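# Chains, contacts and geometry: an overview
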Amino acid sequence: DAGVTQSPTHLIKTRGQQVTLRCSPKSGHDTVSWYQQALGQGPQFIFQYYEEEERQRGNFPDRFSGHQFPNYSSELNVNALLLGDSALYLCASSPRTGPQHFGDGTRLSIL
Amino acid sequence: GESVGLHLPTLSVQEGDNSIINCAYSNSASDYFIWYKQESGKGPQFIIDIRSNMDKRQGQRVTVLLNKTVKHLSLQIAATQPGDSAVYFCAESKRTGNQFYFGTGTSLTVIP
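For the structure given in this document, a descriptive report is provided here. Just so it is clear, the model here is predicted, and its values are computed rather than measured.

About the cut-offs
- The written sequence of each chain sets the order in which its residues are numbered from 1.
- To read the labels, note that chains go from A and ligands from 1, taken in the order they are written.
- Under the rules for a predicted model, residues below a pLDDT of 70 receive no local features and side-chain atom pairs below 80 are neither given nor counted, while totals for whole chains, interfaces and linings still include all residues.
- The side-chain quantities take in all heavy atoms of the structure and omit both hydrogens and water.
- Helical segments are the DSSP runs of H or I of at least four residues, strand segments are the runs of E of at least two, and each set is numbered from the N terminus.
- Every radius of gyration here is taken over C-alpha atoms, with the globule rule written as 2.2 Å times N^0.38, N being the number of residues.
- The buried label goes to any residue with under 20% of its type's maximum accessible area, the exposed label to any with over 50%, and the partly exposed label to all in between, with areas taken from a 1.4 Å probe on protein chains only.
- The contact criterion used is simple: two residues touch if any of their non-hydrogen atoms lie within 4.5 Å.
- To qualify as a nonpolar core, a set must consist of buried Ala, Val, Leu, Ile, Met, Phe, Trp, Tyr and Cys residues joined through side-chain atoms within 4.5 Å.
- In the sections that follow, a salt bridge refers to a side-chain nitrogen of Lys or Arg positioned within 4 Å of a carboxyl oxygen of Asp or Glu.
- Throughout this description, a polar contact denotes any pair of N or O atoms lying within 3.5 Å of each other; where both atoms belong to protein, one of them has to be capable of donating a hydrogen while the other can accept it, and for residues adjacent in sequence the pair is counted only when both atoms sit in side chains.
- Polar here means any residue other than Ala, Val, Leu, Ile, Met, Phe, Trp, Tyr, Cys and Pro, which are nonpolar, and Asp, Glu, Lys and Arg, which are charged; Gly is therefore polar.
- Strand pairing is defined by DSSP finding a minimum of two bridges between the two strands.
- Working convention: axes come from line fits to C-alpha atoms, limited for helices to the stretch in contact. Angles between N-to-C directions cover 0 to 180 degrees.
- Cysteine sulfur pairs qualify as disulfides if the two atoms are within 2.5 Å.

## Overview of the overall build of chain B
Looking only at helices and strands, chain B features zero helices and eleven strands. Reading chain B from its N terminus to its C terminus gives the helix and strand order β-β-β-β-β-β-β-β-β-β-β. Against the 2.2 N^0.38 benchmark of 13 Å for 112 residues, chain B shows a C-alpha radius of gyration of 13 Å, consistent with a compact globule. If one aligns the C-alpha atoms of chain B with their principal axes, the spans along those axes are about 40 × 25 × 20 Å. Here chain B holds 112 residues, and the buried ones make up 46% of them. Across chain B, every contact between residues at least 6 apart in sequence was considered, and the portion connecting residues at least 24 apart equals 54%.

## Some thoughts on the nonpolar core
In this structure, B:Trp35, B:Leu73, B:Leu75, B:Tyr88 and B:Leu108 are the most contacted members of the largest nonpolar core, which totals 20 residues. Among the nonpolar cores identified, the runner-up in size contains 19 residues, and A:Phe60, A:Ala87, A:Tyr89 and A:Cys91 belong to it.

## Topic: the interface of chain A and chain B
The partner chain B presents 19 residues to the 21 residues of chain A that form the contact. Viewed at the interface, chain B and chain A are joined by zero salt bridges. Our count for the chain A to chain B interface comes out at five residue pairs in polar contact (both at pLDDT 80 or more). Of all the secondary-structure elements, those providing two or more residues to the side of chain A that touches chain B are β4 (31-37), β5 (44-50), β6 (53-57), β9 (87-94) and β10 (101-102) of chain A. Class assignment for the residues of the side of chain A that touches chain B results in seven nonpolar, eleven polar and three charged.

## What to know about the sheet that holds strand β3 (residues 19-24) of chain A
All names here are of chain A. Read from one edge to the other, the open sheet built from four strands follows the order β1-β3-β8-β7, with strand pairing classed as antiparallel. The sheet is open, and its two edges are formed by β1 (5-7) and β7 (64-68), each paired on a single side. Recorded for the sheet is a direction-independent mean angle of 20 degrees between the axes of neighbouring strands. Pairing of β3 with strand β8 (residues 74-78) involves five bridges; the strand directions are antiparallel. Looking at the pairing, Leu21 lines up with Leu76 of β8.

## Regarding the state of the cysteines
All names here are of chain A. Taken as a whole, this structure holds two disulfides over all chains when the rule is applied. Bridging Cys23 to Cys91, the disulfide has an S-S length of 1.8 Å. Its torsion about the S-S bond being -60 degrees, the disulfide of Cys23 and Cys91 is classed as left-handed. You can see Cys23 sitting in strand β3 and its partner Cys91 sitting in strand β9, a full 68 residues away along the chain. The residues Cys23 and Cys91 share a single accessibility class, namely buried.

The following block contains the structure:
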């Protein structure tokens with residue numbers, strides 16, 4: 001039974017570019033949450049998707065957007081990249097009520 | 001916003017000893033807590049959870065204690081092994097389906 005999978009594992013972009021990160025949830029999970037983890041910090045909540053809609057959002061600008069597909073997989077899009085967007089982006093999936101399980105993340109570096 | 005903090009940023013223990021990692025949370029409305037373990041280059045791994053209607057929960061070699069009066073959470077690891085070396089995070093949520101707030105983590109080093 002595959003856990004949460006994320007792609008790509010690493011990505012290098014330059015300022016001003018746009019990026020799309022992908023996440024496949026654990027089998028049986030229908031809720032996907034995205035987190036940003038800066039070096040040496042705990043993960044910070046970006047947003048959560050359930051039934052293909054954004055249900056909750058953290059304190060992130062609207063340059064951060066997402067999507068959930070009918071198969072529960074999800075994408076995170078970031079526009080107009082800034083140097084400060086360099087971080088590990090984590091996807092977590094869960095049943096509607098239950099513990100969140102994380103993937104290994106996408107390491108995004110902005111040059 | 002919520003604030004979840006850890007008392008000790010680093011902890012070193014001898015192999016075979018017990019480890020205790022502490023966590024303070026600020027939101028008295030939080031009712032669901034999870035401990036995660038994060039190894040270098042990997043995502044957080046679920047260890048154990050506890051709901052606010054419980055004071056203690058045990059897993060394999062791990063015990064989580066919740067003191068709602070002082071808003072304190074702890075993770076006890078019995079017979080600590082080198083493979084337990086990692087950063088440990090506590091995370092809080094207002095309910096199980098909600099977003100989680102994480103602290104900055106405690107780095108546990110097990111000395112062989």
